[in-house]
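Inside the fold
As a plain string of letters, each chain reads:
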Amino acid sequence: MLRVLGAAKRFEDGDTVRRVPGAVEFDLAPGRVAALWGPSGSGKSTLLNLVAGVLVPDEGEVRFEASGEDPFLVSAASERQRVRYRRRHLGFVFQFFNLVPTLTVVENVLLPLELNRRPTDRQVALARLDALGVAECAERFPATLSGGEQQRVAIARALVHEPAIVLADEPTGNLDAANAARVTDLLWQAAANAGCALLVATHSQRIAERADDVIPLA
Amino acid sequence: MIPLLVKSQLRFAVRHPVGPAASFVGVALAVLAIVTVHLVSQSIRAGLEDPVVGGHTHIVSGDTFGEVDYFELRRRWRSGDDSLDGIQAMLPMIEGFVSIGGQPRRIIGFDPLAVCRSCGVGEDDPGSTTGWRPDGDLYPGTGLDRYLVDDVVIASPETAADVEADGSTIAGIPVAVIESDTGVMLADLPTAQRLLGRQGQLDAVWISAASARLTFLDRLDELLPGIAASLPRYAGPVIDGYTVTAKDVWNPSRRFADAIVFNLGMLSLLCLLMAAFIAFQASVSNAARRRTEHQRLLALGASPGILQLTACTEGLIIGALGSVAGLALGTLLADALLQSAGVGAAASPGSGMASLDAWIVGKALVGGLLVSALGPLVVRSSPHSRPRLRVGVGLLAAVVAIGGLANGSLGAAFVALFAIILVQVVHVVPLAGAAVRHLAALGRSLTARSGLRAAAERSGEIRLALGALSIAVAVAIGMDLMVESLRRDFTAMLDVRLWEGINLSDADDVDITTLADLPGLRQVRRYGGRASSRGRWMCASPDSMPPKPPATASTARSRSAAC
Ligand SMILES: Nc1ncnc2c1ncn2[C@@H]1O[C@H](COP(=O)(O)OP(=O)(O)O)[C@@H](O)[C@H]1O
Ligand SMILES: [Mg+2]
């Protein structure tokens, strides 16, 4: 479904030109979980942005193919096409600053539906929040939530529009061990329930080990 | 339009109200300035418009000008002479002063029947006081068309009282006096000629000329009151053998009013510019604060266009609120100004909200909305991301600035000023940010470097400060230009309007003391001002009202009515 062939950005670093990330090649099949595993600075975030079409690679390519749709060459598409692809097929969980601070929790969850111009049914959003155990936070603003609660809301938002892939960038990086384990469980479970693929960027070996595939970055 | 994004934008505005409040105040002030200037200028003009000249655009005169010339012009006009194309009306006139109750009064004589080719005579509607309308009142506001008889003078109430006191005669000629609300007396041509003792003579022919250029200037003037006064003079029709002068040159108090109005108009433009700058800076700082949030939203699949549209929505809401506030306050302010100047009642009969027409409301709203939406629009396609656009805008502005300065007229000077501000904001200010960044590398101590780098990082604030500074300087220069132009036009007006008895043109080599020693002269003065371009001239006040001096030179003739 998703195919990454040596996609990379080139950054000038003094006199030398650095390729970020180094050579990577992988496939992500529907429903699978893959971990981008590497130390800080290895290019995990850059690669996720390339996959999402937020960045355009200087070399290599990113290809996406949903069932029943024409293959889509993310790395060569126009900005408008990439926005539509991202909106429709991807969900995002970031390490921090996930939620829009001026929208309530439930509004944050409804946002992807509205961006996709789909009916915004509060009940759908509340059900998602309930499944993640944060339904009682629905009317609060993100600033009043704990880090763990914020990540759970972010997971609900990443899945609400039934994307094909959820991209998670160090989703537990800001949490203590207990909360991290809990959020990881929830993320895996939610992705499995929704039947969508998961691409997690992490430096943690423990999380990488839980993935179906590990893509090491150096 | 994504409602949730708009909601988020507005909540952000409420949580960080300084920027939006600044934009609101800026827009309200700009609209207030526009509305006030428009209303006040309407009133000033209504007060100064010569009722008879109203609607006439040019004055045709000549070295020796008399009734024969009028007949000649009229014959050529009727026969379709090319050089008289576009002339809609033609009106012979004579102008001078008669003594009533010992006071000199200006009298204008004209031929009420000679107005235009197609208009009706005798319509009974005392229509409006502005504008020439061939299908309307002949002499708007005078009601004259009802009194097309000889020996009638139209005068203001106080003049009328003086005439009554004189036994209902002027210089022994019996006249019926009809009240008019201008200080100028109107009479039909033969009456005026008789009163002035200038039988068979004419001073000029007023014409109403139409051209695309004049129409365009009128439109422009409605948009920016007074702007036409600053542009090169109307290119009037060229008529073989005669001199054609634009109305406002002939009527210097109208020109002075135009100068005031123009300067006020420019001031309101500067306010508008200031408001645009504030709105722009508010969106810049807004965008900087919400950068991470916007990156997240982009990742979620919001397009840059949607984010910009959302920001514009906020701008439009602020603009609409600011415009409404500005409209209301501007109307009140204009009313207060006119009241305190004592012209409120006379000039705008339905004062208050009634004087707001769709045009001014539309102008204010569009101005306010444009200004407030401009910031969000420009921030995304900011010149940073489009160096070519920036260079283009900068070059264009530089060319305009140089052209404006080279032209030298007041309007051009203002245009140049605006262009210079643009160059400042687009080029100089970002360059300053870059310069600080480079300076940082040269800093000796680490603290100095980090301080400079931090300053460069916050070049938004530097830009705000520099931009505000450049606008402040521009306002100062603009004020200076204004005062200078007002002084000049005021002098010109005084030169012409001071009532004196005799003038001599080209009087550079005349010895004033010799003149002053002449018997019967009270005062002799040398005048500069506007006339200097045609040679200096001189006025002398005789002890008593003299008969109209015979005109000897063209300059003297064209001044004779006023001097
Ligand atoms: N805009 C950029 N300009 C220059 N270098 C960058 C830029 N973005 C990322 N990099 C470099 O790419 C490398 C990888 O960054 P990142 O993808 O954030 O790594 P990770 O997420 O694995 O920590 C970093 O060393 C960083 O220096
Ligand atoms: Mg990272």
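Residues numbered from 1 in each chain as written. Chains lettered and ligands numbered in written order. Predicted model: local features only at pLDDT ≥ 70, side-chain atom pairs only at ≥ 80, totals over all residues. Heavy atoms only, no water.

**Details of the pattern of salt bridges**
Residue and element names in this part refer to chain A. For clarity, the threshold we go by: Any Lys or Arg side-chain nitrogen found within 4 Å of a carboxyl oxygen on Asp or Glu counts as a salt bridge. Runs of H or I in DSSP of at least four residues are treated as helices and runs of E of at least two as strands, each being numbered from the N terminus. Think of it in three bands: residues with accessible area under 20% of the maximum for their type are buried, residues over 50% are exposed, and the middle band is partly exposed, with areas taken using a 1.4 Å probe on protein chains only.
The tally for this structure, following the rule as stated, stands at 16 salt bridges over all chains. Here Glu59 makes a salt bridge to Arg19, at a shortest N to O gap of 2.2 Å. Of this pair, Glu59 sits in strand β5 (residues 59–64) while Arg19 sits in strand β2 (residues 16–20); the two residues are 40 residues apart in sequence, bridging distant segments of the chain. For Arg122, the salt bridge goes to Glu139, with nearest N and O atoms at 2.4 Å. Of this pair, Arg122 sits in helix α4 (residues 122–131) while Glu139 sits in the loop between α4 and α5 (147–159), and the two are 17 residues apart along the sequence. Under the relative-accessibility criterion, Arg122 is labelled partly exposed at 37%. The network of salt bridges with common partners includes Arg10, Arg19 and Glu59.

**Description of the environment of A:Arg128**
Residue and element names in this part refer to chain A. Going by this rule: Whether two residues are in contact is decided by their heavy atoms: any pair within 4.5 Å suffices.
Its location among the elements puts Arg128 in helix α4. We classify Arg128 as partly exposed; its relative accessible area is 23%. For the pair Arg128 and Ala156, spaced 28 residues apart in sequence, the C-alpha separation works out to 5.6 Å. If we skip the residues at most four places from it in the chain, Arg128 touches Ala156, Leu159, Val160 and Glu162.

**Section: the pairing of strand β9 (residues 197–202) of chain A**
Residues and elements named next belong to chain A. Definition in use: At least two bridges found by DSSP between two strands is the condition for calling them paired.
In terms of residue burial, β9 counts as a mostly covered element, since six of its six residues are buried. Judged by which residues are buried, β9 turns out to be covered on both faces: Ala197, Leu199 and Ala201 on one side and Leu198, Val200 and Thr202 on the other are all buried. Alignment of strand β4 (residues 33–37) against β9, held across five bridges, turns out to be parallel. Counted as the bridge partner of Ala34 is Leu199 from β9. As judged from the five bridges shared by strand β8 (residues 165–169) and β9, these two strands associate in the parallel manner. Within the sheet, the bridge partner assigned to Leu167 lies in β9 and is Leu199.

**So, the nonpolar core**
Keep this limit in mind: Think of a nonpolar core as a cluster: buried Ala, Val, Leu, Ile, Met, Phe, Trp, Tyr and Cys residues, connected wherever their side-chain atoms sit within 4.5 Å.
Counting 82 residues, the largest nonpolar core has A:Leu2, A:Leu111, A:Leu129, A:Ile165, A:Leu167, A:Leu199 and B:Leu5 as its most contacted members. The residues contacting A:Leu2, other than those within four sequence positions of it, are A:Phe26, A:Asp27, A:Leu28, A:Val51, A:Val62, A:Arg63, A:Phe64, A:Tyr85, A:Ile165 and A:Leu199. Residues B:Trp77, B:Ile100, B:Val163 and B:Ile239 belong to the second largest nonpolar core, which totals 25 residues.

**Digging into the interface of chain B and chain A**
Note the cut-off: By convention, the term buried area covers the 1.4 Å-probe accessible surface removed from two parts as they join, with the contributions of both added. Counting of polar contacts relies on pairs of N or O atoms within 3.5 Å, with two restrictions inside protein: one atom must be capable of donating a hydrogen and the other of accepting it, and residues adjacent in sequence are counted only when both atoms are side-chain atoms. Three residue categories are used. Nonpolar comprises Ala, Val, Leu, Ile, Met, Phe, Trp, Tyr, Cys and Pro, charged comprises Asp, Glu, Lys and Arg, and polar comprises the others, including Gly.
Counting from both sides, the interface comprises 24 residues of chain B and, opposite them, 22 residues of chain A. Where chain B abuts chain A, roughly 2,100 Å² becomes buried across the two surfaces, and 63% of that area is made up of carbon and sulfur atoms. Counting the surface chain B buries against chain A, the share from its top three residues, B:Leu4, B:Arg296 and B:Leu300, is 33%. Put simply, chain B and chain A have two salt bridges between them. Residue A:Glu107 is joined to B:Arg11 by a salt bridge in which the shortest nitrogen-to-oxygen separation is 2.8 Å. Taken together, chain B and chain A are joined by nine residue pairs in polar contact (both at pLDDT 80 or more). Mapped by element, the contributors of at least two residues to the side of chain B that touches chain A are α1 (3–15), α10 (291–300) and α11 (304–340) of chain B. For the side of chain B that touches chain A, the element with the most residues is α1(B), which contributes eight residues. Split into classes, the residues belonging to the side of chain B that touches chain A amount to 13 nonpolar, four polar and seven charged.

**Quick look at the site of ligand 1**
All names here are of chain A. In plain terms, the rule: Any residue with a heavy atom positioned within 4 Å of a molecule or strand is treated as near that molecule or strand. Where accessible areas are quoted, they stem from the Shrake-Rupley method and a 1.4 Å probe; at the residue level, only the protein chains shown are allowed to cover.
In the neighbourhood of ligand 1, the contacting residues comprise Phe11, Arg18, Val20, Pro39, Ser40, Gly41, Ser42, Gly43, Lys44, Ser45 and Thr46. Contacts to ligand 1 include Lys44, whose backbone N or O atom sits 2.9 Å from an oxygen atom. A distance of 2.7 Å separates an oxygen atom of ligand 1 from a polar atom in the side chain of Ser45. When isolated, ligand 1 has an accessible area of 560 Å², and the protein chains bury 56% of it. Elements supplying a minimum of two residues to the shell around ligand 1: β2 and α1 (44–52). For the shell around ligand 1, the element with the highest residue contribution is α1, accounting for three residues. Each residue belonging to the shell around ligand 1 can be placed in one class, and the counts come to three nonpolar, six polar and two charged.

**Some words on the sheet that holds β4(A)**
Residues and elements named next belong to chain A. Counted only if it meets this: Inter-axis angles, ranging from 0 to 180 degrees, are taken between N-to-C directions of lines fitted to C-alpha atoms, where helices are fitted over the stretch in contact.
Within the open sheet, the five strands sit side by side as β7-β8-β9-β4-β10. Their pairing is parallel. Bordering the open sheet on either side are β7 (90–93) and β10 (213–216), each of which pairs with just one other strand. Taking the axes of each pair of neighbouring strands and ignoring which way they run, one obtains an average angle of 20 degrees across the sheet. Running over the sheet, α1 touches β4, β7, β8 and β9 and is turned about 155 degrees from β8.

**Here's the deal with the confidence of the model for chain B**
Residues and elements named next belong to chain B. Condition: Per residue, pLDDT captures the predictor's confidence, and it can take any value from 0 to 100.
Per-residue pLDDT for chain B averages 70, and the proportion of residues at 70 or more is 62%. Of all helices and strands in chain B, the one with the weakest mean pLDDT is helix α19 (residues 554–560) (34), whereas α1 scores best (90). Between residues 344–354, whose pLDDT stays under 50, and residues either more than four places distant or in other chains, the model counts twelve contacts. In the predicted complex, the global pTM is 0.67; the interface-specific ipTM is 0.90.

**Focus on the packing of aromatic side chains**
Rule in force here: A pair of aromatic rings is counted whenever rings of Phe, Tyr or Trp (Trp by its six-membered ring) have centres within 6.5 Å, and the orientation is called stacked for planes under 30 degrees apart, edge-to-face for over 60 and tilted otherwise.
Taken as a whole and assessed by the stated rule, the structure comprises five aromatic pairs over all chains. Measuring from ring centre to ring centre gives 5.2 Å for A:Phe64 and A:Tyr85, while their planes differ by 65 degrees; the resulting arrangement is edge-to-face. On the criterion of sequence distance, the pair formed by A:Phe64 in strand β5 and A:Tyr85 in helix α2 (residues 79–89) is long-range, its members being 21 residues apart. Assigned by exposure class, A:Phe64 and A:Tyr85 land together as buried. For the pair B:Phe65 and B:Tyr242, a centre-to-centre distance of 5.9 Å together with 80 degrees between the ring planes defines the contact as edge-to-face. Remark: B:Tyr242 occurs in the loop between α7 (227–230) and β10 (243–246) and B:Phe65 occurs in the loop between β1 (58–61) and α3 (67–78); sequence separation between them is 177 residues. The burial state of B:Phe65 is the same as that of B:Tyr242; both residues are buried. Site record: aromatic cluster; members linked through ring pairs are A:Phe64, A:Phe72 and A:Tyr85.

**So, the packing of helix α3 (residues 105–115) of chain A against α4(A)**
Between two packed helices, what matters for the description is the angle formed by their axes and the separation of those axes. Residue and element names in this part refer to chain A. Put simply, the rule reads: For classification purposes, angles smaller than 35 degrees are called roughly parallel, those larger than 145 roughly antiparallel, those between 65 and 115 roughly perpendicular, and all remaining angles oblique. By convention, the crossing between two helices is left-handed when the near helix turns anticlockwise from the far helix through less than a right angle, and right-handed when the turn is clockwise.
It is the contact of α3 with α4, at a shortest axis distance of 9 Å, that shows an interaxial angle of 110 degrees. Classified by the angle between their axes, α3 and α4 sit roughly perpendicular to one another. Two packed elements cross with a definite hand, and for α3 against α4 that hand is right-handed. Every residue of α4 that contacts α3 at Val105, Val106, Val109 and Leu110 is listed here: Arg122, Ala125, Leu126 and Leu129. Residue composition of the contact of α3 with α4, grouped by class: seven nonpolar, no polar and one charged.

**Some details on a nonpolar patch on the surface**
All names here are of chain B. Put simply, the rule is: Put simply, a patch holds well-exposed residues, over 30% relative accessible area, that have no salt bridge, with like charges counted together within 9 Å and Val, Leu, Ile, Met, Phe, Trp or Tyr side chains within 5 Å.
A contiguous nonpolar surface patch, about 490 Å² in accessible area, is contributed by Leu10, Phe24, Val25, Leu29, Ile317 and Leu321. The set of elements that each furnish at least two residues to the nonpolar patch consists of α2 (18–48) and α11. Of all the elements, α2 adds the most residues to the nonpolar patch, at three residues. Tracing the sequence through the fold places Leu321 in helix α11.

**Description of unusual backbone geometry**
Glycine aside, negative phi is the norm for most residues, and most peptide bonds take the trans geometry. All names here are of chain A. Cis rather than trans, the peptide bond between Val20 and Pro21 has omega equal to -10 degrees. Within the secondary structure, Pro21 sits in the loop between β2 and β3 (25–28). The phi angle at Arg117 is positive, at roughly 55 degrees, despite the residue not being glycine. With respect to the helices and strands, the residue Arg117 is situated in the loop between α3 and α4. On the basis of relative accessible area, Arg117 is assigned to the exposed category, the value being 57%. Backbone geometry places Glu170, a non-glycine residue, at a positive phi of 45 degrees. In this fold, Glu170 is placed in the loop between β8 and α6 (177–194).

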